Amino acid sequence: MGNFIQRINNSAVRDGTYLPTLDGWRAIAILLVIAAHGSDSIARFLQSIEGWQVDLSSTRHIGLFGVQIFFGLSGLLITSRLIADEKKHGRISLRSFYLRRAFRILPASLVFLATIGLLALSGVLPVSLGRWLSTFLFFANYSTAKGTWYLGHFWSLAVEEHFYFIWPVAFLALATLNRRIGATVAAALMLALWRALDFKFQITGSVPAVFWGRTDIQVDNIVWGVVIALLYGDTTWRTRLENFLRYPIVIPSLVIFLIAFAIVPIYDWKIDFMLLTIKAIAIPMLILGTMINGNQILSYLLETPVFKLIGRLSYSIYLWQQLFLVWNTSTVGSMGILQSFPLNLIAALSCATLSMLFIEKPLISIGHKLASRLATLNKQTARTSPTAPESAT
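To keep things clear, this report deals only with the structure shown in the data block. (Residues numbered from 1 in each chain as written. Predicted model: local features only at pLDDT ≥ 70, side-chain atom pairs only at ≥ 80, totals over all residues. Heavy atoms only, no water.)

### Describing the overall build of the chain
Here is step 1 of the chain: A count of helices and strands for the chain gives 17 helices and 0 strands.
Here is step 2 of the chain: Here the C-alpha radius of gyration of the chain, 21 Å, is about what a compact globule of 393 residues would show, namely 21 Å.
Here is step 3 of the chain: Taking the principal axes of the C-alpha coordinates as reference, the chain spans close to 70 × 45 × 45 Å.
Here is step 4 of the chain: With 393 residues in all, the chain has 49% of them scored as buried.
Here is step 5 of the chain: Taking the intrachain contacts of the chain between residues at least 6 apart in sequence as the baseline, contacts between residues at least 24 apart amount to 76%.
Here is step 6 of the chain: Summed over all atoms, the accessible surface of the chain reaches about 18300 Å², with 68% contributed by carbon and sulfur.
Here is step 7 of the chain: On the chain, the mean spot of the 32 positive side-chain charges and the mean spot of the 19 negative ones are 8 Å from each other. (Helix = DSSP H or I, 4+ residues; strand = E, 2+ residues; numbered from the N terminus. Rg over C-alpha atoms; globule rule 2.2 N^0.38 Å. Buried < 20%, exposed > 50% of the residue type's maximum accessible area, 1.4 Å probe, protein only. Contact = heavy atoms within 4.5 Å. Areas by Shrake-Rupley, 256 points an atom, 1.4 Å probe, with all protein chains shown as cover. Lys, Arg positive; Asp, Glu negative; His and termini not counted. Charge placed at Lys NZ, Arg CZ, Asp CG, Glu CD.)

Below is the structure:
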């Protein structure tokens with residue numbers, strides 16, 4: 001399929017990062033989240049129409065697998081974009097990067113937060129002020145405020161935001177590809193070691209609900225995506241990765257491993273923690289493999305219209321599904337049938353579609369126009385200022 005990074009640079013639309021295969025991966029990730037969060041309502045639905053006694057609680061954990069796919073994709077995609085921008089312009093612009101990210105992520109999430117806040121003030125939802133504020137301030141995954149289902153998914157968005165805050169600055173500061181590879185590999189391994197030590201010896205004393213959502217516990221899932229993107233940005237490693245991922249057995253083996261990891265219980269914590277790292281490496285490797293092997297069945301599936309559509313809506317769906325797809329222990333009577341399958345799924349998809357059409361698309365467009373103007377201004381400044389540093393932002 002040609003150079004992955006070049007395809008990102010050439011095939012982008014609107015948000016500057018569009019590729020059909022990646023939309024397919026976003027679709028898989030959000031479908032796993034939907035299956036996990038909708039498990040109780042689906043079980044109730046099946047019981048009501050057929051009298052089946054169905055227990056789908058064992059599927060709840062696959063939602064985390066979906067989130068980890070989002071993480072791996074973020075590390076791979078954001079880093080590839082940074083590399084492409086650096087190759088094209090000779091530098092990256094931090095101001096342009098943060099401007100695009102802000103207009104991509106914040107408007108939809110702020111509308112959702114405002115909606116939840118109003119429902120909480122009206123007594124419809126059980127949401128404390130402390131929890132709402134910590135979520136608003138990107139601190140949801142460290143907050144000890146009383147938890148609530150309706151803002152529970154913001155732990156993963158906080159991890160992503162923390163990554164966006166730190167990595168572009170580190171990318172710029174490290175300057176060279178070898179330094180970036182060395183630093184990120186070391187960081188990923190240190191984070192994995194820290195996770196195991198903190199879990200075993202309770203160094204921070206975090207309760208499980210906080211521990212497993214913390215950025216320092218989960219962000220290596222993003223960092224390994226960064227590592228794969230950096231390796232692929234190196235000519236020698238790119239050839240090695242392409243040769244490896246083109247072996248017919250590699251992609252099926254990665255798929256089998258990830259499925260087995262998701263469904264087979266592990267009873268030894270040391271093995272489990274080792275497999276967490278292997279899984280974090282396997283996910284971006286598999287994503288990259290589907291980019292390289294565009295003629296394989298999985299790649300074709302990921303680029304079908306349905307998967308592309310779901311993928312484009314994935315961020316909006318992720319935000320709004322939390323209000324409607326609710327486990328039995330967190331349902332509220334005032335929401336009524338809107339938390340019952342299939343109306344809960346219809347409501348989530350409807351809100352997501354409205355969010356995409358009337359909030360995300362217009363503001364993404366505005367963000368990119370502002371970033372383009374800023375880039376043009378930077379170029380003009382660079383031409384008229386012979387002393388402007390190469391890494392100016």
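From this point, the discussion proceeds with the structure in view.
### What about the packing of helix α12 (residues 235–245) against helix α14 (residues 269–292)?
Here is step 1 of the chain: Contact pair α12 / α14: the axes reach a minimum separation of 10 Å and the direction vectors enclose 85 degrees. Between α12 and α14, the angle is such that the two are roughly perpendicular. Contact with α12, carried on its side by Leu 241, Glu 242, Phe 244 and Leu 245, involves Met 285, Leu 288, Gly 289 and Ile 292 of α14 and no other residues of that element.
Here is step 2 of the chain: A per-class count over the contact of α12 with α14 returns 6 nonpolar, 1 polar and 1 charged. (Axes fitted to C-alpha atoms, helices over the stretch in contact; angles between N-to-C directions. Parallel < 35°, antiparallel > 145°, perpendicular 65-115°, else oblique. Nonpolar A, V, L, I, M, F, W, Y, C, P; charged D, E, K, R; others polar.)

### Considerations on the side chain of Asn 344
Here is step 1 of the chain: Along the chain, Asn 344 falls in helix α17 (residues 343–384).
Here is step 2 of the chain: With relative accessibility at 0%, the residue Asn 344 sits in the buried group.
Here is step 3 of the chain: Apart from the residues within four sequence positions on either side, Asn 344 is in contact with Ser 41, Phe 324, Leu 325, Ile 337, Leu 338 and Gln 339.

### Some points on the packing of aromatic side chains
Here is step 1 of the chain: Evaluation of the coordinates by the stated rule reveals 21 aromatic pairs.
Here is step 2 of the chain: Measuring from ring centre to ring centre gives 6.1 Å for Phe 70 and Tyr 318, while their planes differ by 65 degrees; the resulting arrangement is edge-to-face. Of this pair, Phe 70 sits in helix α4 (residues 62–89) while Tyr 318 sits in helix α16 (residues 305–324), and the two are 248 residues apart along the sequence. Across the pair, exposure class does not vary: Phe 70 and Tyr 318 are buried alike.
Here is step 3 of the chain: Residues Trp 167 and Phe 171 carry aromatic rings whose centres are separated by 5.8 Å and whose planes lie at 80 degrees to one another, so their mutual orientation is edge-to-face. Within this pair, Trp 167 and its partner Phe 171 are both found in helix α7 (residues 154–174), separated by 4 residues, close to a single helical turn. No difference in accessibility class separates Trp 167 from Phe 171, as the two residues are buried.
Here is step 4 of the chain: Feature note: the residues Phe 199, Phe 211, Trp 212, Trp 269 and Phe 273 constitute an aromatic cluster, connected by ring pairs.
Here is step 5 of the chain: Above the ring of Tyr 164, the side-chain terminus of Arg 101 is found at 5.2 Å from the ring centroid.
Here is step 6 of the chain: Looking at Arg 240, its charged tip hangs above the ring of Trp 237, at a distance of 5.0 Å from the centre. (Phe/Tyr/Trp six-rings, centres within 6.5 Å; stacked < 30°, edge-to-face > 60°. Lys NZ or Arg CZ within 6 Å of the ring centre and 35° of its normal.)

### Some thoughts on the side chain of Asp 85
Here is step 1 of the chain: As for its position among the elements, Asp 85 is in helix α4.
Here is step 2 of the chain: By relative accessible area, which is 11% here, Asp 85 ends up buried.
Here is step 3 of the chain: Setting aside anything within four residues of it in sequence, one finds Asp 85 in contact with Gly 90, Arg 91, Ile 92 and Arg 100.

### Observations regarding the pattern of salt bridges
As a working rule, side chains carrying opposite charge can pair if their charged atoms are close by.
Here is step 1 of the chain: A full pass over the atoms with the stated rule returns 12 salt bridges.
Here is step 2 of the chain: A salt bridge links Arg 60 to Asp 40; its shortest N-O distance comes to 2.7 Å. Remark: Asp 40 occurs in helix α3 (residues 39–50) and Arg 60 occurs in the loop between α3 and α4; sequence separation between them is 20 residues.
Here is step 3 of the chain: The exposure class assigned to Arg 60 is partly exposed, which follows from its relative accessible area of 29%.
Here is step 4 of the chain: Judged by its relative accessible area of 7%, Asp 40 falls in the buried class.
Here is step 5 of the chain: One salt bridge connects Arg 104 with Glu 360, and the closest N-O pair in it is separated by 2.8 Å. Of this pair, Arg 104 sits in helix α5 (residues 94–121) while Glu 360 sits in helix α17, and the two are 256 residues apart along the sequence.
Here is step 6 of the chain: Given a relative accessible area of 16%, Arg 104 falls into the buried group.
Here is step 7 of the chain: Relative accessible area serves as the criterion here: at 1%, Glu 360 is assigned to the buried category. (Salt bridge = Lys/Arg side-chain N within 4 Å of Asp/Glu carboxyl O.)

### Structural notes on helix α8 (residues 177–201)
Here is step 1 of the chain: Across its 25 residues, α8 extends 36 Å between first and last C-alpha, which sits within 8% of the 36 Å expected from 1.5 Å per residue.
Here is step 2 of the chain: Three or more residues of α8 are buried, namely Arg 180, Ile 181, Thr 184, Ala 188, Leu 191, Ala 192, Arg 195, Ala 196 and Asp 198.
Here is step 3 of the chain: Where α8 is buried, its residues touch α4, α7, α9 (208–211), α10 (215–218), α11 (220–232) and α14. (Expected span 1.5 Å × (residues − 1).)

### A word on the environment of Tyr 98
Here is step 1 of the chain: Among the secondary structure elements, Tyr 98 is positioned in helix α5.
Here is step 2 of the chain: The exposure class of Tyr 98 is partly exposed, given its relative accessible area of 26%.
Here is step 3 of the chain: With 66 residues separating them in the primary sequence, Tyr 98 and Tyr 164 have C-alpha atoms 8.0 Å apart.
Here is step 4 of the chain: For Tyr 98, the contacting residues outside a window of four places in its chain are Tyr 164, Phe 165, Pro 168 and Val 169.

### Here's the deal with α12
Here is step 1 of the chain: For α12, the set of buried residues is Arg 238, Leu 241, Glu 242 and Leu 245. Take α12 and look down its axis: the buried residues cluster within an arc of 100 degrees, on one side only.
Here is step 2 of the chain: Along its buried surface, α12 packs onto α4, α11, α13 (250–263) and α14. (Arc of directions from axis to C-beta.)

Just geometry here; none of it tells us what the structure is for.
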